[in-house]
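Listed below are the residues making up each chain.
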Amino acid sequence: MFPILLSLFVISQCSIEETKEIMQDWDKYMRGFLPDDMISFSIDKGSEEIFIETIKKTPTNIRGTFFIPIYTTDTIDFKVIDPSGSMIYAKMMKKEAVFNFNATEKGDYQLIFQNKRAKESKVVQFAIDVAKSDKEEIEQNDIDPIENGVQGVLQKIRDVFYSTKLNELKSKGALADVQKINKQLMILTFIETVAICGVTAWQVYYIKKLLNDRRLV
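Fair warning: this is a prediction, and the values are worked out from it, not measured in the lab. (Residues numbered from 1 in each chain as written. Predicted model: local features only at pLDDT ≥ 70, side-chain atom pairs only at ≥ 80, totals over all residues. Heavy atoms only, no water.)

J.: Tell me about the sheet that holds strand β1 (residues 37–43), residues and numbers included.
T.: Taken together, the four strands give an open sheet; going across it, the order is β1-β8-β3-β6, and neighbouring strands pair in antiparallel fashion. The sheet is open, and its two borders are formed by β1 and β6 (96–103), each paired with just one other strand. The mean inter-strand angle of the sheet, taken between neighbouring strand axes irrespective of direction, is 20°. The pairing of β1 with strand β8 (residues 122–130) spans seven bridges and is antiparallel. Bridge pairing in β8 places aspartate 37 opposite isoleucine 128. (Pairing = 2+ DSSP bridges. Helix = DSSP H or I, 4+ residues; strand = E, 2+ residues; numbered from the N terminus. Axes fitted to C-alpha atoms, helices over the stretch in contact; angles between N-to-C directions.)

In structure tokens form, the structure reads like this:
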């Protein structure tokens, strides 16, 4: 039981540090994040999952986030391969991360998730936002102050919505892992109880045998 409790402590400490990094990256790169897709997929151990994003106009900003359940020491790798076959971005050995890069070349970009180190398959939650390079950028001076205020409120509502949605997905994954750990603890507790009962029964038998031998003497 002690190794499991120790691992939970280590995981909690790692999660605190990673959460700080995620929050900093989110504030820096993810303002106004409106994902085009939010999907969940599974990666078998030792395998990879590849998503293709076709870019027709440059430059195009691509950003997003991915995560696996937080109560685990397992990590995955995330890489981006451009149309020329070069790796232009990577997040290695991460349980959770925010990514942000600019596509400067037209063609197919490969977003690769690899599960090389885990001993079992992992479920990954993935959200991505591909900025439309041909979108009109409206100058702030061209927006009525009232309309500008309304848009600001709507943007904050969207941010809260997607942040809440992502946190909900994280909570579901965390709950599944907690249930798994509880099951392991129950099994260990049962084994310890059986062992203690066995040792106790043997000690009682041994003491009774000693007493019987003394009486015979």
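J.: Summarise the side chain of threonine 60; cite the residues concerned and give the values.
T.: Structurally, threonine 60 can be placed in strand β3 (residues 60–67). Separated by 2.5 Å, the side chain of threonine 60 and the backbone oxygen of lysine 57 make a polar contact. (Polar contact = N/O pair within 3.5 Å; in protein donor to acceptor, adjacent residues only side chain to side chain.)

J.: Give me the lowdown on the sheet that holds strand β4 (residues 76–81), citing residues and values where you can.
T.: One key point about sheets: their strands pair by backbone hydrogen bonds, in either a parallel or an antiparallel sense. Ordered in space as β2-β7-β4-β5, the four strands form an open sheet in which the pairing is antiparallel. Two strands in the sheet have a free side with no partner beyond their single neighbour: β2 (47–55) and β5 (87–94). Across the sheet, the mean angle from the axis of one strand to that of its neighbour is 10°, orientation sign disregarded. Sheet topology note: the β4/strand β7 (residues 107–115) ladder contains five bridges and is antiparallel. Paired with lysine 79 across the strands is isoleucine 112, a residue of β7.

J.: Can you break down the pattern of salt bridges residue by residue, with the values?
T.: Evaluated as defined, the whole model comprises five salt bridges. The partner of aspartate 25 in a salt bridge is lysine 91, with the nearest N and O atoms 3.8 Å apart. Of this pair, aspartate 25 sits in helix α1 (residues 2–29) while lysine 91 sits in strand β5, placing them 66 residues apart in sequence. Of the two residues, aspartate 25 and lysine 91, neither departs from the other in class, the shared state being buried. One salt bridge connects aspartate 74 with lysine 122, and the closest N-O pair in it is separated by 3.2 Å. Remark: lysine 122 occurs in strand β8 and aspartate 74 occurs in the loop between β3 and β4; sequence separation between them is 48 residues. Among the residues examined, lysine 122 registers a relative accessible area of 8% and is labelled buried. Residues joined in a network through salt bridges with shared partners are Asp74, Glu120 and Lys122. (Salt bridge = Lys/Arg side-chain N within 4 Å of Asp/Glu carboxyl O. Buried < 20%, exposed > 50% of the residue type's maximum accessible area, 1.4 Å probe, protein only.)

J.: Describe in detail the UniProt feature "transmembrane region" (unreviewed entry) in the protein chain, supporting the description with residues and values.
T.: In the numbering used here, UniProt assigns the feature "transmembrane region" (unreviewed entry) to residues 185–207. As a span, residues 185–207 carries 100% helix and 0% strand, and end to end its C-alpha atoms are 33 Å apart. (UniProt positions renumbered as here; feature names shortened; annotations may be inferred.)

J.: I'd like a rundown of the nonpolar core, residues and numbers included.
T.: Core analysis: the largest hydrophobic core is formed by 21 residues, its most contacted members being Ile62, Phe66, Phe78, Phe99, Phe113 and Phe126. Counting residues per element, the ones that place at least two in this core are β1, β3, β4, β6, β7 and β8. What phenylalanine 126 contacts, discounting residues up to four positions off in sequence, is Asp37, Met38, Ile39, Phe41, Phe51, Thr65, Phe66, Phe99, Leu111 and Phe113. (Core = buried A, V, L, I, M, F, W, Y, C linked by side-chain atoms within 4.5 Å. Contact = heavy atoms within 4.5 Å.)

J.: Got a sec to walk through the packing of aromatic side chains? Specific residues and values, please.
T.: Tallied over the full model, the rule gives 14 aromatic pairs. Between phenylalanine 41 and phenylalanine 126, the aromatic rings sit 6.4 Å apart at their centres with planes inclined by 90°, giving edge-to-face as the arrangement. You can see phenylalanine 41 sitting in strand β1 and its partner phenylalanine 126 sitting in strand β8, a full 85 residues away along the chain. No difference in accessibility class separates phenylalanine 41 from phenylalanine 126, as the two residues are buried. An angle of 10° between the planes, with centres 5.3 Å apart, marks the rings of tryptophan 202 and tyrosine 206 as stacked. With tryptophan 202 and tyrosine 206 both in helix α2 (residues 145–216), this residue pair falls four residues apart, about one helical turn. The class for tryptophan 202 is exposed, based on a relative accessible area of 54%. Taken together through their ring pairs, the aromatic side chains of Phe41, Phe51, Phe66, Phe78, Phe99, Phe113 and Phe126 make up a single cluster. (Phe/Tyr/Trp six-rings, centres within 6.5 Å; stacked < 30°, edge-to-face > 60°.)

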